[in-house]
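Summary of structural features
Each chain, written out:
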Amino acid sequence: MFFVVACGVMVLMAATAALQVLLLLFRVGDHAGMMSGGFAFIVTDSQTEIPTDFVAISRYAIWQSTLAAGLLTLRLIPGLVILSSLMGLFRLYARRLIFTAENEVLMRRIAWALVAYAVVPLVTHATLYVVGMSPVAVKLELRQLDAAVLGIILFAFVNVVAFGSEIERDRAGFF
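For every chain, the first residue of its written sequence is number 1, and the numbers climb from 1 along that sequence. It should be noted that, the model being predicted, local features are given only for residues of pLDDT at least 70 and side-chain atom pairs only at 80 or more, the latter also being counted only at that level, while totals for whole chains, interfaces and linings use all residues. Excluded from the side-chain calculation are hydrogens and water; included are all heavy atoms of the structure.

Thoughts on the overall build of the chain
- By the criteria applied, helices consist of DSSP H or I runs no shorter than four residues and strands consist of E runs no shorter than two, each listed in order from the N terminus. Tallying secondary structure elements over the chain gives 4 helices and 3 strands in all.
- The C-alpha radius of gyration of the chain comes to 20 Å, more than 25% above the 16 Å expected for a compact globule of 175 residues.
- When its C-alpha atoms are laid out on the principal axes, the chain stretches across 70 × 30 × 25 Å.
- We call two residues in contact whenever any of their non-hydrogen atoms come within 4.5 Å of each other. Restricting to contacts in the chain with at least 6 residues of sequence separation, those with at least 24 account for 67%. In this description the radius of gyration comes from C-alpha coordinates, and the expected globular size is given by 2.2 Å times residues to the power 0.38.

Considering the packing of aromatic side chains
- Centres within 6.5 Å make a pair out of two Phe, Tyr or Trp rings, where for Trp the six-membered ring is used; the pair is then stacked when the planes are under 30 degrees apart, edge-to-face when over 60, and tilted otherwise. The final tally for this structure, using the stated rule, is 1 aromatic pair.
- Centre to centre, the rings of Trp112 and Phe155 are 4.9 Å apart; their planes meet at 75 degrees, and the pair counts as edge-to-face. Of this pair, Trp112 sits in helix H3 (residues 101–130) while Phe155 sits in helix H4 (residues 142–174), and the two are 43 residues apart along the sequence.
- Accessibility here uses a 1.4 Å probe with only protein chains present; expressed as a share of the type maximum, an area under 20% marks a residue as buried, one over 50% as exposed, and anything in between as partly exposed. A relative accessible area of 22% places Phe155 in the partly exposed class.

Some details on the nonpolar core
- In this description, a nonpolar core means a group of buried Ala, Val, Leu, Ile, Met, Phe, Trp, Tyr and Cys residues linked to one another through side-chain atoms lying within 4.5 Å. Ranked by internal contacts, the top residues of the largest apolar core, which has 16 residues, are Leu24, Phe39, Ile57 and Met133.
- At the level of secondary structure, the elements contributing two or more residues to this core comprise helix H1 (2–25), strand S1 (32–35) and helix H2 (62–94).
- Broken down by element, the residue count for this core peaks at 5 residues, all from H2.
- Setting aside its immediate chain neighbours within four residues, Leu24 contacts Ala32, Gly33, Phe39, Phe41, Ile57, Ser65, Ala68, Ala69 and Leu72.

Re the pairing of strand S2 (residues 38–41)
- Only strands joined by at least two bridges in the DSSP assignment are considered to pair. Pairing of S1 with S2 involves 4 bridges; the strand directions are antiparallel. Note that in S2 the partner of Ala32 across the bridge is Phe41.
- Counting the residues that bridge the hairpin from S1 to S2 gives 2 residues, and of these Ser36 lies at a positive phi of roughly 55 degrees.

Some thoughts on the pattern of salt bridges
- A pair is scored as a salt bridge if a Lys or Arg side-chain nitrogen falls within 4 Å of a carboxyl oxygen belonging to Asp or Glu. What the rule picks out here adds up to 2 salt bridges.
- Ionic pairing is found between Glu141 and Arg143, a salt bridge with its closest N-O pair at 2.7 Å.

So, the confidence of the model for the chain
- pLDDT expresses how confident the predictor is about each individual residue, on a scale running from 0 to 100. Per-residue confidence for the chain gives a mean pLDDT of 89, with 97% of residues at or over 70.
- When mean pLDDT is compared element by element in the chain, H3 scores highest at 96, while H1 scores lowest at 86.

Focus: the sheet that holds strand S3 (residues 55–56)
- The strand order S2-S1-S3 describes an open sheet built from 3 strands, whose pairing is antiparallel. Here the strands that pair on one side only, and so sit at the sheet edges, are S2 and S3.
- A fitted line through C-alpha atoms serves as each axis, taken over the contacting stretch for helices, and the angle formed by two N-to-C directions is quoted from 0 to 180°. Sitting on the sheet, H1 touches S1 and S2, and the angle it makes with S2 is about 100 degrees.

Here we look at H3
- Between its terminal C-alpha atoms H3 stretches 43 Å, which fits the 44 Å expected from 30 residues at 1.5 Å a residue.
- Ala118 marks the point of greatest bend in H3, at about 30 degrees, and the proline Pro121 comes within the next four residues.
- Positive backbone phi, approximately 80 degrees, marks Gly132, located one or two places after H3. A helix's residues, less one, multiplied by 1.5 Å, set its expected span. The quantity called bend is, for any residue, the angle between two axes fitted respectively to the seven residues ending at it and the seven beginning at it.

Quick look at a nonpolar patch on the surface
- A cluster of nonpolar side chains, namely Leu142, Leu145, Val149, Leu150 and Ile153, defines an oily patch on the protein surface of about 490 Å² accessible area.
- As for its position among the elements, Ile153 is in helix H4. Exposure above 30% relative accessible area and the lack of any salt bridge qualify a residue for a patch; like charges then connect within 9 Å, and the nonpolar side chains Val, Leu, Ile, Met, Phe, Trp and Tyr within 5 Å. The Shrake-Rupley method, run with a 1.4 Å probe sphere, supplies the accessible areas, and residue values consider only the shown protein chains as cover.

A look at the environment of Gly79
- By the element assignment, Gly79 lies in helix H2.
- Judged by its relative accessible area of 12%, Gly79 falls in the buried class.
- Separated by 28 residues in the primary sequence, Gly79 and Pro51 place their C-alpha atoms 27 Å from one another.

Details of the pairing of S1
- Bridge count between S1 and S3: 2 bridges; the pairing is antiparallel. Bridge pairing in S3 links Gly33 to Ala56.

A closer look at H2
- End to end, H2 covers 47 Å across 33 residues, agreeing with the expected 48 Å (1.5 Å per residue, within 8%).
- Note on H2: the residue one or two positions beyond its end, Arg96, has a positive phi of about 60 degrees.

Laid out in structure tokens, this is it:
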């Protein structure tokens with residue numbers, strides 16, 4: 001059940017991420033742009049509902065919109081890594097495999113992706129500021145702190161899984 005839900009979320013997130021990157025790459029200014037120092041996507045067709053501080057991506061130079069698409073891709077990668085690793089974990093759990101080396105690798109990958117999720121926005125905001133696409137050089141959000149703390153906690157938990165995995169290997173070799 002969890003595996004099916006994770007697969008569905010992964011496909012939905014990947015499709016949404018690809019759409020957002022393509023909107024920036026193809027300079028669809030009616031729906032993609034910059035706002036409040038970050039990426040913004042407008043879902044409505046009505047021009048009256050567009051916020052006043054929204055700057056359409058088509059107003060920037062081609063190299064800037066290409067850079068923005070690359071930076072957005074960089075920002076989306078940690079989330080995709082987390083979801084794909086969760087799919088692998090759920091597949092292991094469905095087979096009742098908890099303390100395995102593969103489980104340890106997947107959990108460590110998630111921990112690194114959480115840390116990346118916390119750090120990458122700092123890089124993207126600074127880059128957007130340097131190239132004149134954002135008035136904000138550093139934009140800290142609470143979810144970045146949450147991701148960093150969760151990543152660190154997960155690294156500690158990975159050590160527990162590694163110890164359990166070692167016990168399982170010893171036990172399997174004993175019988």
